[in-house]
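A structural walkthrough
Residue-level listing of the chains:
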Amino acid sequence: MPTFKERLRDEHKIELLEIIGEGAQAKCWKARHQDVGLCAVKIYHRHVNSDVEAKNVIGRELEAAQLFQQPSLILPLQNSYRIESTLVTRWMLGTESLQDVADRSPQGIDKATCDAWFSNIAAALDLVHSAEGDWVHADVKPSNMIMLGKLPCLCDFGVAYRSSSLTSTMASKGRLGTRAFMPISECEGRPTRFSDVYAFLLSYIYLRQGRHPLGDNESEVIVNQDRNNYDLSGLAAPEQKEILKAIAGGINEKLLDWFTRSICQPHELDPKQRHHILRSEILTASARLETELANQFKANEQQSRPTLGWMAANSSQFYGKFRKDLLAAIRLRNEMAHNETNLSIHEMEQCLQCLCEAYELLLPRTTPSARSSSKQETPSLDDLPSEQTV
């Protein structure tokens, strides 16, 4: 009798390569489809078929796939297969989530990059919220934002739902999303569009600063949220003001329109304030670059680490005019780190852009290795019986 893997390969042209994630409902595999190339495949655990709510999760994802057609969303592709106790859905293959990016970037991500990334997420949420039936994603967070190319896309509609079809039984089950990205007013009730917007704002702050604005664990989140104590110290004062207004009163326009006008557009700042912000961003960008270069050179922290300038000059990733520009930017950074300088805003902006481009050049271009699997054991695919395709 053919194994489960063999049936996927022979009947559905899918070859499983490696596990790239696992949750309570399913394992996600990196796979190769004979017609479309690399893709991701979600294979639901056996118990899902006997769990009514788990079946609803699958149904919501498939319903969303039929309703939404937009590049900023990651949803199941047209083909899905059922081999009795196992449902298989095929997805576009992303490289990593924004949670992965945040984990390796404790200093945060530069504003220009974050603005571009979250503009795409805002467009995705606008599409969801404008759909007939009052759709709510209900679990917006960095780990559900997957990089496809240079932009993140919103995924995981497992707890999404249409407000018009939410039953009292579903609402009584309590929260549907993730506590760290949920407004306090929605914790025991049903999520709303504001829940999605609130989670979007917290995710943006988290990526910009490299830390959650309400704390490192759920208890801190609850206490700080109750006290309305949001850490926005990594953002400019005008951004802080706009975000706090949105957290307090919501947004009465499309999210992308608000985000573009209130956050992405450069604010008129006092030159001294702009100089101070740029200096901070340059030091942050150079620290991030230095960490990545040290990993490349496998520098031992117990020994004297090479200087940032030496590592940049000897890295095979930088050459020609860009290497000269980068070394000049590092010299300016060194001056800034030790004393105040009389650099113009334009010179500082060029320095920051060069440091950010250098960091981007160092980032890996391949799919990350398989994440550690759950401690709970589940049957391997080879152990599953062969059954009829429905």
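**Here's the deal with the overall build of the protein**
In terms of regular secondary structure, the protein is built from 13 helices and nine strands. Across the 390 residues in the protein, those meeting the buried criterion constitute 46%. Put simply, 63% of the contacts in the protein that link residues at least 6 apart link residues at least 24 apart. Total accessible area computed for the protein in this model is approximately 19900 Å², and 49% of it derives from carbon and sulfur atoms.

**With respect to the packing of helix α4 (residues 111-130) against helix α9 (residues 255-264)**
Direction vectors running N to C along α4 and α9 enclose 160 degrees, while the axes themselves pass 8 Å from each other. Taken together, the axes of α4 and α9 are roughly antiparallel relative to one another. The hand of the α4/α9 crossing is right-handed. Residues K111, D115, F118, S119, A122, A123, L125 and D126 of α4 form the contact with α9, whose own contacting residues are L255, L256, F259, I263 and C264. Broken down by class, the residue content of the contact of α4 with α9 amounts to nine nonpolar, one polar and three charged.

**Focus: the confidence of the model for the protein**
Overall, the predicted model of the protein reaches an average pLDDT of 77, with 74% of residues at or above 70. The weakest mean pLDDT in the protein belongs to helix α5 (residues 168-172) at 38; the strongest belongs to helix α6 (residues 193-209) at 94. In this model residues 166-174 is a low-confidence stretch, pLDDT under 50, and it forms nine contacts with partners more than four residues away in sequence or in other chains. In the model, residues 366-390 has pLDDT below 50 throughout and makes 50 contacts with residues more than four positions away in sequence or in other chains.

**Some thoughts on the packing of helix α12 (residues 320-338) against helix α13 (residues 345-362)**
Closest axis-to-axis distance for the α12/α13 pair is 9 Å, and the angle between their directions is 120 degrees. Classified by the angle between their axes, α12 and α13 sit oblique to one another. Seen along the crossing, α12 lies across α13 with a hand that is left-handed. Contact residues: F322, D325, L326, A329, I330, L332 and M336 in α12; M348, C351, C354, L355, E357, A358 and L361 in α13.

**Remarks on the side chain of N144**
Note that N144 resides in the loop between β6 (135-136) and β7 (145-148). Its relative accessible area of 5% is what places N144 among the buried residues. If near-sequence neighbours (up to four positions away) are discounted, N144 is found in contact with H137, D139, C153, L154, C155 and D156.

**A short note on α4**
Spanning 20 residues, α4 covers 28 Å between terminal C-alpha atoms, matching the ideal 28 Å at 1.5 Å per step. Of all the 20 residues making up α4, 16 are buried; the element is thus mostly covered by neighbouring parts of the structure.

**Overview of the side chain of N224**
Its location among the elements puts N224 in helix α7 (residues 218-226). For N224, a relative accessible area of 17% corresponds to the buried category.

**Quick notes on helix α1 (residues 4-12)**
Given 3.6 residues to a turn, an α-helix orients residues that are three or four positions apart in the same direction. Listing the buried residues of α1 in full gives F4, R7, L8 and H12. End-on view of α1: buried residues confined to an arc of 100 degrees, all on one side of the axis. Directly beyond the C-terminal end of α1, a positive phi value near 65 degrees is found at K13.

**Re the packing of aromatic side chains**
Taken as a whole and assessed by the stated rule, the structure comprises eight aromatic pairs. Judged by centre distance (6.0 Å) and plane angle (50 degrees), the ring pair of F194 and Y198 falls under tilted. Of this pair, F194 and Y198 are both found in helix α6, four residues apart, which corresponds to roughly one turn of the helix. Judged by its relative accessible area of 25%, F194 is partly exposed. A residue is classified by how much of its surface remains accessible, and Y198, at 2% relative accessible area, is buried. Considering the side-chain rings of Y204 and F259, the 5.3 Å spacing of their centres and the 85 degrees angle between planes classify their relative orientation as edge-to-face. You can see Y204 sitting in helix α6 and its partner F259 sitting in helix α9, a full 55 residues away along the chain. Looking at Y204, the relative accessible area reads 1%, which means it is buried. Members of the aromatic cluster, each reached through a chain of ring pairs, are F118, F200, Y204 and F259. A cation over a ring is seen here: R288 above Y359, with NZ or CZ 4.6 Å from the ring centre.

**Re the pairing of strand β8 (residues 151-154)**
When β7 meets β8, the two strands line up antiparallel, connected through four bridges. Its bridge partner being in β8, M145 is matched across the sheet by L154. The hairpin formed by β7 and β8 contains two residues between the paired strands, and G149 there has a positive phi angle of roughly 70 degrees.

**Points about unusual backbone geometry**
The backbone of K13 shows a phi angle near 65 degrees, a positive value even though the residue is not glycine. You will see that A138, though not glycine, has its phi angle at about 75 degrees, which is positive. Turning to its location among the elements, A138 is positioned in the loop between β6 and β7.

**Side note on the environment of V136**
As for its placement among the helices and strands, V136 is situated in strand β6. Owing to a relative accessible area of 1%, V136 belongs among the buried residues under this scheme. Taking C-alpha positions, V136 is 8.8 Å from V159, a pair spaced 23 residues apart along the chain.

Reading the values: rules and limits
Residues numbered from 1 in each chain as written. Predicted model: local features only at pLDDT ≥ 70, side-chain atom pairs only at ≥ 80, totals over all residues. Heavy atoms only, no water. Helix = DSSP H or I, 4+ residues; strand = E, 2+ residues; numbered from the N terminus. Buried < 20%, exposed > 50% of the residue type's maximum accessible area, 1.4 Å probe, protein only. Contact = heavy atoms within 4.5 Å. Areas by Shrake-Rupley, 256 points an atom, 1.4 Å probe, with all protein chains shown as cover. Axes fitted to C-alpha atoms, helices over the stretch in contact; angles between N-to-C directions. Parallel < 35°, antiparallel > 145°, perpendicular 65-115°, else oblique. Left-handed = near helix turned anticlockwise from the far one by under 90°. Nonpolar A, V, L, I, M, F, W, Y, C, P; charged D, E, K, R; others polar. pLDDT = per-residue confidence, 0-100. Expected span 1.5 Å × (residues − 1). Arc of directions from axis to C-beta. Phe/Tyr/Trp six-rings, centres within 6.5 Å; stacked < 30°, edge-to-face > 60°. Lys NZ or Arg CZ within 6 Å of the ring centre and 35° of its normal. Pairing = 2+ DSSP bridges.

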